[in-house]
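# Structural overview for review
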Amino acid sequence: MKRYEALAADIEASIRHGTLKTGDRLPSVRHTGESRGVSASTVFQAYYLLEARGLVRARDRSGYYVTGGGLRDAPPEANLTSRPAEGPRSLDVSDHVFDILEASMSRKVVPFGSAFPSPLLFPLARLGQFMAASAKSLDPWSTVDDLTPGSAALRRQIALRYLGDGMQVAADEIVVTNGALEALNLCLAAVTRPGDSVIVESPTFYAALQALERMGLRAIEVPTHPGEGIDLGALELAIAAHRPKACWLMTTFQNPLGSLMPDTKKKALVELLARHALPLIEDDVYAELYFGDRRPPPAKAFDTQGLVLHCSSFSKCLAPGYRIGWASAGRFARNVARLKLTTTLSTSVPAQLALASYLEKGGLDKHLRKLRQVLAVQQASFAQAVGHYFPAGTRATRPLGGYFMWVELPAQVDALAIHAQALERGISVAPGPIFSATRGFAHCLRLNYGHAWDAQSEKAMQTLGQLVAAAAAGSPPREKIVRP
């Protein structure tokens, strides 16, 4: 347990035992730091964690106060490892996923089912200034220099971000792409051929299933825990039995679960795959959105053989709409660059230069600190609302980062029916079946807490809870449920 986690655990225990009561003010950051012999940063991280759990709230110019709401209202945590069917299977999911997603793509709906955080959380005006400046001073030769791998300036800044996390990644290994999804698809194409099998988590990101379907690949779903990620024992058995050609995993704040593999488990994962010379395509787009005191290292940090193809992007943490991602593909970097050359050729030069300039000026970390705190607080509000409005038998994950919460409803509830009923009332949700090759997880929802918690959100959550409660009771939804 890290120092901030130990401090948070002590304070939480005091709240549980009644030593600290609702409304009590926590000791100041300075006082707590001095009494515990820790830095102010450690105390802040502990208070942020307690805030994310819904146990305390910050008041402007006043400090932190106990709410107790997280203990009273948050639902029990989802903690059961999934049990997918064994063996490779062909996929037929794209039409189903498109039907669900297209019905939710409207500003008019409350975006609990959205795949993106609120665009209002990002410094788009500031980025626009850098974009204008980069376009105005654009060197004509920059449109051909480093055409396929991407801007040398941006790749250098990305390499420096790796270095800041203790990883030596050469800029020449990095290929800039049109978002992380292109990076993931290029990496998948670099290590597989039609007919091959690829290991994925269960549940998994629906775009991974769509990519496998499009490329004529088969999916092997492996049991996954909502807190700690993929089951390594089951993974080793699947490798031995089915001889896959690659794995596509999210080791940090997995979509849809929000799971986070512990560092030791990531290291064991990389060692396991190295023994089988099996490439890992690591989807790592949410890692900057951590609520703790440091960014969790990716599996890439433990790779000594160049088998991890690490993919990320600025879309989820800084610049939605700019579509700037990258792949650090290890021994496969040249193959990925060649595939980029023969598909989309290049990524927007002005957008790359704008981001490179922004990163060089040092504005990213300040923005990220604020963004993480906002998401942690919003998660607490969502968790308390789920606990308050949803029926008994509901469980939900409490991720340590990202902006997705996985909600397990009572077993008799049909998530697809809830999706349809909620959409009629102006609320979108992401039903569990779109995250499965077999349309499993029929009683689960993914909720997005990356949008502001306000009166409209609370009304929508109340309505959603009523729909779920009616389904759990086996009765039709009441007509007096109104559109939020």
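What counts and what doesn't
What you see as residue numbers is a count from 1 along each chain, following the sequence as written. Local features in this predicted model are restricted to residues of pLDDT 70 or higher, and side-chain atom pairs are both shown and tallied only at a pLDDT of 80 or more, whereas totals for entire chains, interfaces and linings draw on every residue. Processing note: side-chain calculations cover all non-hydrogen atoms of the structure and skip hydrogens and water entirely. UniProt positions are given in the numbering used here, feature names are shortened, and annotations may be inferred rather than shown by experiment. Using a 1 Å grid laid over the protein atoms alone, points where a 1.4 Å probe fits but cannot get out form a cavity; open sets with protein on both sides within 12 Å along at least 5 of 7 lines form a pocket; any residue with an atom within 4 Å of a point counts as lining. Grid points are joined across faces, edges and corners, and a volume is the space filled by probe spheres set on the points. Every helix listed is a DSSP run of H or I at least four residues long, and every strand listed is a run of E at least two residues long, numbered separately from the N terminus. Three classes are used: nonpolar for Ala, Val, Leu, Ile, Met, Phe, Trp, Tyr, Cys and Pro, charged for Asp, Glu, Lys and Arg, and polar for all others, with Gly counted as polar. Think of it this way: a Phe, Tyr or Trp ring, Trp meaning its six-membered ring, pairs with another when their centres are within 6.5 Å, and the plane angle makes it stacked under 30 degrees, edge-to-face over 60, tilted otherwise. Two conditions define a charge sitting above a ring: the NZ of Lys or the CZ of Arg must be within 6 Å of the ring centre, and it must be within 35 degrees of the ring normal. Put simply, a nonpolar core is a bunch of buried Ala, Val, Leu, Ile, Met, Phe, Trp, Tyr and Cys residues held in one set by side-chain atoms that sit within 4.5 Å of each other. The cut-offs for exposure are 20% and 50% of the maximum accessible area for each residue type, with area from a 1.4 Å probe on protein chains only; residues under the lower value are buried, those over the upper are exposed, and the others partly exposed. All the domain ranges listed were derived from an automatic or database domain assignment. Only heavy atoms enter the contact rule, under which two residues are in contact if any of them lie within 4.5 Å. The pairing criterion for strands is at least two bridges between them, as found by DSSP. Only C-alpha atoms enter the line fits that serve as axes; for helices the fit covers just the stretch in contact. Angles between N-to-C directions range over 0 to 180 degrees.

- The name given to the protein chain in an unreviewed UniProt entry is PLP-dependent aminotransferase family protein, with the source organism recorded as Variovorax beijingensis.
- Listed in UniProt under the heading Sequence similarities (unreviewed entry), the comment for the protein chain reads: "In the C-terminal section; belongs to the class-I pyridoxal-phosphate-dependent aminotransferase family."

## Some details on empty space enclosed by the protein
- Applying the stated criterion to the full structure yields 2 cavities of 30 Å³ or more.
- Taken together, 18 residues make up the lining of the largest cavity; nearest its centre are Arg161, Glu288, Arg295, Ser312 and Trp326.
- Every element with two or more residues in the lining of the largest cavity is listed here: α7 (152-164) and β9 (308-313).
- Classifying every residue of the lining of the largest cavity by side-chain character gives 10 nonpolar, 3 polar and 5 charged.
- Of the volumes computed, that of the second largest cavity is approximately 40 Å³.
- In terms of lining, the second largest cavity is formed by Val270, Leu273, Ala274, Leu278, Leu280, Asp303, Leu307 and Val308.
- Top element by residues in the lining of the second largest cavity is helix α11 (residues 263-275). It accounts for 3 residues.

## Topic: the packing of aromatic side chains
- All told, the structure shown has 14 aromatic pairs when counted by the stated rule.
- Members of the aromatic cluster, each reached through a chain of ring pairs, are Phe205, Tyr206, Trp406, Phe435 and Phe441.
- The ring of tyrosine 65 carries the charged tip of arginine 59 above its face, separated from the ring centre by 3.8 Å.

## Some points on the nonpolar core
- Within the largest apolar cluster, 82 residues are counted, with the highest numbers of intra-cluster contacts made by Phe112 and Met461.
- Considering every element that reaches this core, the biggest residue donor is helix α14 (residues 364-389), with 10 residues.
- Both domains that meet at this core, namely domain 2 (95-120 + 369-473) and domain 3 (122-364), each give it at least three residues.
- The contacts of phenylalanine 112, once residues within four sequence positions are left out, are Phe382, Ile427, Ser428, Val429, Arg446, Leu447, Asn448, Ser457, Ala460, Met461 and Leu464.
- Counting residues in each nonpolar core, the second largest holds 31 residues, with Ala183, Val191, Leu209 and Leu307 among its members.

## Quick word on the sheet that holds strand β14 (residues 444-448)
- Strand order across the open sheet formed by 4 strands is β11-β12-β14-β13, with antiparallel pairing between neighbours. Across the chains shown, the open sheet's two edge strands, defined by having one partner strand only, are β11 (395-396) and β13 (430-431).
- Its contacts with the sheet put α14 on β12 (404-408) and β14, and the angle it makes with β12 is roughly 15°.

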